[in-house]
Amino acid sequence: MMAASQAHIPTDRAASSSADTAAATSNSNTDALARSNLLRLETTELIKEATLHLHPNGNDSSIHYEAKWAPMVRGYISNVSKALSTLDRCTLSPDVCLISSPSAAAAASSGVKEKGMEQLGGARTGDGSGSSNNNMYRVPLQSDKFFKSLPGSSNNPTPWTFPFSGQVKLVPIGSYAHIGNAGLTNRHANGNVVPTLDLAVLVKGDGGDGSNKDAFVGGKDYLNHRYTDKQNILAVHIAKQLSQKKHRSKIGSVHLTRVFGDSRKVALLLTPPTIEKDDKKKSGKDKKKRKRGDIEDGGKKMKNKLRFHVRLIFGVEQQQKQDHDQSEDESSIDDEGSYSHGNKTNMASFSSWIPTSRLFPNRSNNRCFDKPSTNDSTDAFHYHSTPHYNNALAESLHLHSTTNLISNTISDVFFGSNTVVTPTTTFHETLLLIKVWALQRGLLRGHDSFTTTTIALLLVYLYRTKSIGKRMGCVQAFTTFMKFWSEADWLGEDVANTAANVSSTSEESAAAQFLASKVKRKAAFVIPADGRNESQTIGHCSQARRYREDIRNSSSEDDKNVPMTLLDCYKQHFTTAASSSSSIPSDTHSDSPILLDPTMTINYLARLSPSFVRESRAEAYAALRFIHGQEHDGGVSGGVFRKLFLETNRFWTRYDAYVRIPLSCVPKMTQNGKKRGKNGGGGAQSVWGCDLDDIGLDESVCRGIVGVLHRALGDRITAVRAFTSGNGDIRKDSTSFSIGQSIENMSTKPMEDSDQCYCVPIRGGASATGFTAAARGRPPQPTVRRLNDDDPCLVIGLRINSNTSRRVVDRGPPAEDVEGSSAFVSMWGDLAQLRRFQDGAIVRAVVWNLPAASRNSNVVDSMPQFAGMDRSMGGIVEKVVQHIVKLHFTESKLVKKGKAKQVSFELRNMVGFVDGILGSTKPLSDSFVLHKNAMDAFTDLSEFLRQNSIAIVDNSMGKERKVSKLGLPLKIDEVEPLSPSLRYSSLFPPVPHPLLGGSDLGIDKRKVSGAVPTPIMIQIRFEGSSKWPSSLNAMGAAKCAMLIQLAEGIEKMKKSDNLDEFDGPIDVTPTHLDMGYRGFAWRIIVRADQELRMLKGLRNPNEEAKALRLGLINRHVRGSMHHSLIHAVHTRHPSSSSVVRLAHRWVSSHMLSDMIPQEAIELIVAKIYTDPHERAASNMQNLGVPPSTIAAGFLRFLQVLSTHDWATEPLIVDPQNHITAHDRELIIAQFIAARGPDESKGPAMYIISPADYDGVEEMTGSKVVGDGGSAEQVGSLTDKVWSPTYTSKFPERVVLSRAAALARCSHDHLTSCIMNGSSSENSWVAAFQESSASLTSYSALLRIDDAFITDAGCCSTNADSVIGDASKQGNNGMPTSPFERSLLKRYSGPKDLRRKIYKNLVLEKGTLHEWNPIKSLVSELRSKFSEYAVFFYNEFSPDIIALIWRPSAFVPKSFSVMMSEFQSPVLKLWKDDSLVVTNADDLINEIGHIGRHLLSDIKVMDGV
């Protein structure tokens, strides 16, 4: 009984543990609640600021919450409607779209003159006598009837004309028409683009019986692009009418654009005029005086502001008819193709001009050039299905019904039978949050990305399926949307996506098995109809019933590959066999997610590409982790809200590498996906292009390039994405093109906003974009595209997997897999060669580390290859991309002639600052090898010191005694590295010196440097002993004695054991020992832990003792731990060390040397590569992965330096999770206390690492208590004091502000270099230079004598950046990089200190172990004059020392004899006891005197 009772009585430790657990849980719940409440409050403010209300039929007096300029919108739309009502009946033809045509002349003669409709690019008029190749059209026309009408298509071309009744209907759609304008936001919440209001221009269609004489479309216009051509011709016709002079004052400018990025559909973008005309008539003289863009009102000038755009989207009006006999249980589509909407008791059906069976995804409605050959019978020929083309047809039928579906859902869920409609609901708020979230990430308004309507439809599905409840708040609904989008398997590839998971024993091909597995896993959803759930909607859908009847009546009913349900049919035809394996054949890349409307006739998500779905799902998954607090934001407050809705992460900042693929070199494809002419790519025709007739030319090329690169690169990358509209630089002002400009100028220029949307003016020939067309069986090709007046390019972004990107072999499938082997050869061409591997397998493989000559590759290495490309710039990935582009996306004739452009990564030449050009005989090319040589020498030196400090028995003196070979009384336990050269962080790694025992590197040794700039610092730790003295002074003497004995021991062993590795002088100072070993200069210091214990044991230490203890801890303990931390980061992330070195070069180039410590640079880069730290394993691609290239890492360094809020947030760097959550709370609390209420105190740059707490010297090694320590240890550290170590004094606030501004400018410049694809390869160098104008901002410039400048190539104003130039060759005749040339100059040293070495004679052997006269001068100036000025210099090329006077130093103050140095009397404006002021002339004279041996000139830029 006692035992039983005791079993239930907790011990003190168990009770304490239980209490701690309960407290931790309570704290966690409290933090979650606080985070949720804060996020809710912040989103409420965002919604309040971003919401925009513009009611199409609103009453100005009753709707008080809409925008003030809403009446202007309604008035403008009324003007557009009136202009459209004046359209006349006419006959249209493709000639309407000609840029210069006989019809234009006829229109001019009839009084309809179009200004700016000039001829483009030397195009001749299409009069039928000239070649059709010279005719250029404003829009792409692709129908069979159009091609038959072209001259040259046949002996008798058939003219194509069709009537237009002049009657159209204007209907609001989209966000503008939704209840409460759901999804409509103001410009600041719209990607800095003014809102666009969508209006549907509906024409009449034939109901199917041919009775409608005014029908614009009918019959078989759904075939072969006939409908889209008619629509585009009508759009150009209406654009011309609206741009007439009589309409310009009310309509403004008219631009041609695309419908949601679809190049096959044309829409009109209308920009209202920004000039309002006065009602009063003015004389001609007054009109000339009046400035355009200004409005006179009572003598005052006012300028209108662009508030909105209007987009006209063309569709077909649905003819309504009453159908009282339709059953409630029947679908909304009858057998004749009638679309039913309305209530159940009185259904209103709409007749369609397209037979609904033609909208099945398995039907082929585009057979323009997909015709049977003469050898095949028509019956046996199988047309390819065109699901995307069919879906595009259905879109024109659902323009209005889709808007009604969204509005009805909002009404039914939130209002019901209530007549009172509130301005916003949770639906509106959630849609707004998702829109802002998507805009910040470039996931909206692209040709293959979200639109506001698609997001709204996804919300409609979630509301109708009760996944989002009516009572949920907007944050909960936002979270549900992110969960739904991230977890649904939209592409069917969440499980394994490789050929290895496909069974090879089946009779089916690998591609068929893989496709079947994707279809089975793929998610497909149907929006429920009113009053039904999802399954009931599918079961009662007449379109699904019609499909089953069609399958039942077809001859292929018994075919097991034919899906038996309409939903399975959608899944099958919106899925392809494309995968990340190059062994699975696939020639199409048209995968799309599926979300069907209640009638199952349209897939709302058909436009979304696979690359977009993967990226958006990864972003949604990351958003969920932030919402749930699973990611550390590093901030004090508001981190989640900032990450989700404020921080911009668009295309140009998302990827590691960017490639520009010239579109002019892409092979011309026919509609059936075959190349014109001979194939020069070895099977290139089988990997892309067969979906050309389904998704169009532009989409086929874009998806083809992305899909083929995804297959070829495989697991070397984690993401590949093409640059699209809606993904540009959000910082640009979209209204800058129109505000303040006249209508004449505005309406004849292409619009350029932050989303890079395609917009071409209908007036103005010089800037228009034309399309050529010829009767040769291929779609129209664009002739002119504006892209900085250069060759049009498709930009591809790649996110590289650093763990697998350096794989040098791609193995193919087993030899018995014939289909897989064929696909592998088709992908790689001649590079796929049979090879035998060590496991005995003989398979085709591609090897990437072979020389270019032996690879049998069509890739010509015309650009320099750097030694560290594979580690720091994804070198093998670049080789793969180059090969794939040349093989599959370059005309074969260009390859044969050697005129093909070689693609490359943007900013790749930045590697030349930290690495040399690859060469087998170049000793200074590989910085990694140079670092490795120094680290190998350190390993041998540390082993030598440890082994030779062990005491052995010595009987030479007649009695036994224990002595070591080095004569040290104590054994050396540890030799610890401290130098950046031993952790891959040195910009210029040490090179073995011939006077210090270095081996021959093949460098000219007749002139070598007699000085070593910086020795490699290491520290030694002796074994514990009671023989150490107990006095601080004696302790210092004992350490010095140890160093002296070590030097003597090494000299003794050099004579007795012939140690050739040691060479050069050995110098001993009271603090360190300098010596040479294996060509490197070493500086050894002694770490005595007894000294630290002695200082800590002082009861009342003075300031000197405190400073001494802190200095010893920082140098010995924290320095060693910092080295271990950074070395671990650089070892795990190969490119991080190159980023540190490049960032160090950037800091020095802007003359900030020693003001931003190198340790701070290393910690910032470590933060970039390890934050967020270790994440939970997931199948989702994580967007928080560290950068894998030096360019991406350096851009992130600049971004952190420029955007981190140093005044209000600490930067916590914790690569190995040593800092606990409790420690983070302490750090933040202590940071707030240090900053003070005005946030102006404490260190300017507050960086905390795991070793930055008081008491760290008690830890052994580099272990930090808090991770794996005992409960008692953790409890004893609750009062730890955290404070920065390396940034406690530097940089100052003024220096940090300057560095942040420079980082922001450099980041913007480098980003613009990537965006613009600058023609100059070295345009990026401007980010590493100070302009001559910037030097004028300094107060004075101290010019250094040229004799003291070793390397002028690192100059801040004229840096050496030439790469691969013949004039910059080395001694071996090979091209060199700036890194190699600078390293060679440093090896040679200053001219006056060079030593001459001959074959058998060394005249001078003395070597200076540390020679930095300029650094010593700057240190002296800063120590003496820091209260008067701030000094700047470049440590790598210190040709100038600049100074800026501190304003506080020249404030008049009272006279004091003790402080009278550098003072002069105040001559004017005496104030209370303010008699003297600092004399700048005396300061300059004193500075010149101190540096008289080094300075050649002093230039004062401004007075005080």
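As the structure is a computational prediction, the values presented were derived from the model and not from experiment. (Residues numbered from 1 in each chain as written. Predicted model: local features only at pLDDT ≥ 70, side-chain atom pairs only at ≥ 80, totals over all residues. Heavy atoms only, no water.)

## Quick look at the pattern of salt bridges
Phase 1: The tally for this structure, following the rule as stated, stands at 49 salt bridges.
Phase 2: Where Asp530 meets Arg464, a salt bridge forms, and the shortest distance between an N and an O atom there is 3.0 Å. One end of the pair, Asp530, is in the loop between strand 14 (524–526) and helix 15 (534–540); the other, Arg464, is in helix 12 (residues 452–464), and 66 residues separate them in sequence.
Phase 3: A residue is classified by how much of its surface remains accessible, and Asp530, at 42% relative accessible area, is partly exposed.
Phase 4: Overall, the relative accessible area of 15% leaves Arg464 in the buried class. (Salt bridge = Lys/Arg side-chain N within 4 Å of Asp/Glu carboxyl O. Helix = DSSP H or I, 4+ residues; strand = E, 2+ residues; numbered from the N terminus. Buried < 20%, exposed > 50% of the residue type's maximum accessible area, 1.4 Å probe, protein only.)

## Digging into the packing of aromatic side chains
Phase 1: Overall, the coordinates contain 53 aromatic pairs when judged by the stated rule.
Phase 2: Here Trp160 and Phe162 contribute two aromatic rings whose centre-to-centre distance is 5.3 Å and whose plane-to-plane angle is 50 degrees, an arrangement assigned as tilted. Phe162 matches Trp160 in its accessibility class, with the two residues each being buried.
Phase 3: An aromatic cluster is defined as three or more aromatic residues linked by ring pairs; in this entry it consists of Phe450, Tyr461, Phe484, Trp485, Trp490, Phe525 and Phe612.
Phase 4: Sitting over the ring of Tyr1253, Lys1280 keeps its end group 4.5 Å from the ring centre. (Phe/Tyr/Trp six-rings, centres within 6.5 Å; stacked < 30°, edge-to-face > 60°. Lys NZ or Arg CZ within 6 Å of the ring centre and 35° of its normal.)

## A word on a nonpolar patch on the surface
Phase 1: Side chains of Phe1455, Val1457 and Leu1475 sit close together on the surface and give an oily, nonpolar patch of about 290 Å² of accessible area.
Phase 2: Structurally, Phe1455 is set in the loop between strand 38 (1440–1445) and strand 39 (1463–1465). (Patch = residues over 30% accessible without salt bridge, like charges linked within 9 Å, V, L, I, M, F, W, Y side chains within 5 Å. Areas by Shrake-Rupley, 256 points an atom, 1.4 Å probe, with all protein chains shown as cover.)

## With respect to the packing of helix 18 (residues 610–627) against helix 19 (residues 639–646)
Phase 1: Close contact between helix 18 and helix 19 brings their axes to 9 Å; oriented N to C, the two are set at 160 degrees. As far as their axial angle goes, helix 19 and helix 18 are roughly antiparallel. Helix 18 and helix 19 meet at a crossing whose hand is left-handed. Here helix 18 contributes Ala623, Phe626 and Ile627 to the contact with helix 19, which in turn contributes Val640, Lys643 and Leu644.
Phase 2: Partitioning the contact of helix 18 with helix 19 into residue classes produces five nonpolar, no polar and one charged. (Axes fitted to C-alpha atoms, helices over the stretch in contact; angles between N-to-C directions. Parallel < 35°, antiparallel > 145°, perpendicular 65-115°, else oblique. Left-handed = near helix turned anticlockwise from the far one by under 90°. Contact = heavy atoms within 4.5 Å. Nonpolar A, V, L, I, M, F, W, Y, C, P; charged D, E, K, R; others polar.)

## Structural notes on the sheet that holds strand 22 (residues 809–811)
Phase 1: Across the sheet, which stays open at both edges, the three strands sit in the order 22-24-23 with antiparallel pairing between neighbours. With partners counted over all chains shown, the strands left at the sheet margins are strand 22 and strand 23 (833–836), one partner each. Going from strand to strand, the sheet's axes swing by 50 degrees on average, the running direction of each strand aside.
Phase 2: Bridge analysis of strand 22 against strand 24 (residues 842–847) gives three bridges, and the strand direction is antiparallel. Bridge pairing in strand 24 places Arg811 opposite Ala845.
Phase 3: Packed on one face of the sheet, helix 23 (residues 818–828) meets strand 22 and strand 24 and runs near 20 degrees to strand 24. (Pairing = 2+ DSSP bridges.)

## Remarks on the packing of helix 31 (residues 1134–1149) against helix 32 (residues 1158–1170)
Axis angle and axis distance: for two packed helices, these are the angle between their axes and the distance between the axes, and together they describe the pair.
Phase 1: For the pair helix 31 and helix 32, the least separation of the axes is 9 Å and the interaxial angle reads 135 degrees. It follows that helix 31 is oblique to helix 32 by the angle criterion. The crossing of helix 31 and helix 32 is right-handed. Here Ser1135, Ser1136, Val1139, Val1140, Ala1143, His1144 and Val1147 of helix 31 come into contact with helix 32, specifically with Gln1158, Ile1161, Glu1162, Val1165 and Tyr1169.
Phase 2: Taken together, the residues of the contact of helix 31 with helix 32 break down into seven nonpolar, four polar and one charged.

## Quick word on empty space enclosed by the protein
Phase 1: Taken as a whole, the largest cavity holds about 400 Å³ of empty space.
Phase 2: Lining the largest cavity we find 26 residues, and of these Phe260, Glu395, Leu399, Thr402 and Thr453 sit closest to its centre.
Phase 3: Elements with a minimum of two residues in the lining of the largest cavity: strand 10 (309–317), helix 9 (387–397), helix 10 (399–415) and helix 12.
Phase 4: Looking at the second largest cavity, its volume works out to about 170 Å³.
Phase 5: As for the second largest cavity, its lining consists of 20 residues, and the residues nearest its centre are His589, Pro610, Arg614, Arg703 and Gly707.
Phase 6: Secondary-structure elements contributing two or more residues to the lining of the second largest cavity are helix 18, helix 21 (697–713) and strand 17 (717–722).
Phase 7: Counted by class, the lining of the second largest cavity contains six nonpolar, eight polar and six charged residues. (1 Å grid on protein atoms, 1.4 Å probe; cavity = no way out; pocket = protein on both sides within 12 Å on 5 of 7 lines; lining within 4 Å. Points joined across faces, edges and corners; volume = space filled by probe spheres on them.)

## Overview of the nonpolar core
Phase 1: Leu54, Leu268, Phe427, Trp437 and Phe645 are the most contacted members of the largest nonpolar core, which totals 125 residues.
Phase 2: If we ignore the near neighbours within four places in the chain, the residues touching Leu54 are Glu66, Ala67, Trp69, Ala70, Val73, Tyr176, Asn181, Leu184 and Leu197. (Core = buried A, V, L, I, M, F, W, Y, C linked by side-chain atoms within 4.5 Å.)

## Some details on unusual backbone geometry
Phase 1: Here Phe1290 and Pro1291 are connected by a cis peptide whose omega angle stands at 0 degrees.
Phase 2: A positive phi angle is found at Met600, which is not glycine, with a value near 55 degrees.
Phase 3: For Met600, the location among the structural elements is in the loop between strand 15 (594–596) and helix 18.
Phase 4: Positive phi, close to 55 degrees, is recorded for Arg1078, a residue that is not glycine.
Phase 5: Within the secondary structure, Arg1078 is located in the loop between strand 31 (1073–1077) and strand 32 (1080–1087).
Phase 6: Residue classification places Arg1078 among the partly exposed residues on the basis of a relative accessible area of 32%.

## Topic: the sheet that holds strand 29 (residues 1016–1022)
Phase 1: An order of 27-29-32-31-30 is seen for the five strands of this open sheet, with the pairing classed as mixed. A strand with exactly one partner marks an edge of an open sheet, and here the two such strands are strand 27 (972–977) and strand 30 (1067–1068).
Phase 2: When strand 27 meets strand 29, the two strands line up antiparallel, connected through five bridges. The residue of strand 29 that forms the bridge with Glu974 is Arg1021.
Phase 3: Each of strand 27, strand 29 and strand 32 touches helix 30 (residues 1103–1132); the most contacted strand, strand 32, lies at about 125 degrees to it.

## Some details on the side chain of His53
Phase 1: Relative to the helices and strands, His53 is located in the loop between helix 2 (12–50) and helix 3 (70–85).
Phase 2: A distance of 3.4 Å separates a polar side-chain atom of His53 from the backbone oxygen of Gly180.
Phase 3: In contact with His53, not counting residues within four places along its chain, are Tyr65, Glu66, Ala67, Gly180, Asn181, Pro423 and Thr424. (Polar contact = N/O pair within 3.5 Å; in protein donor to acceptor, adjacent residues only side chain to side chain.)

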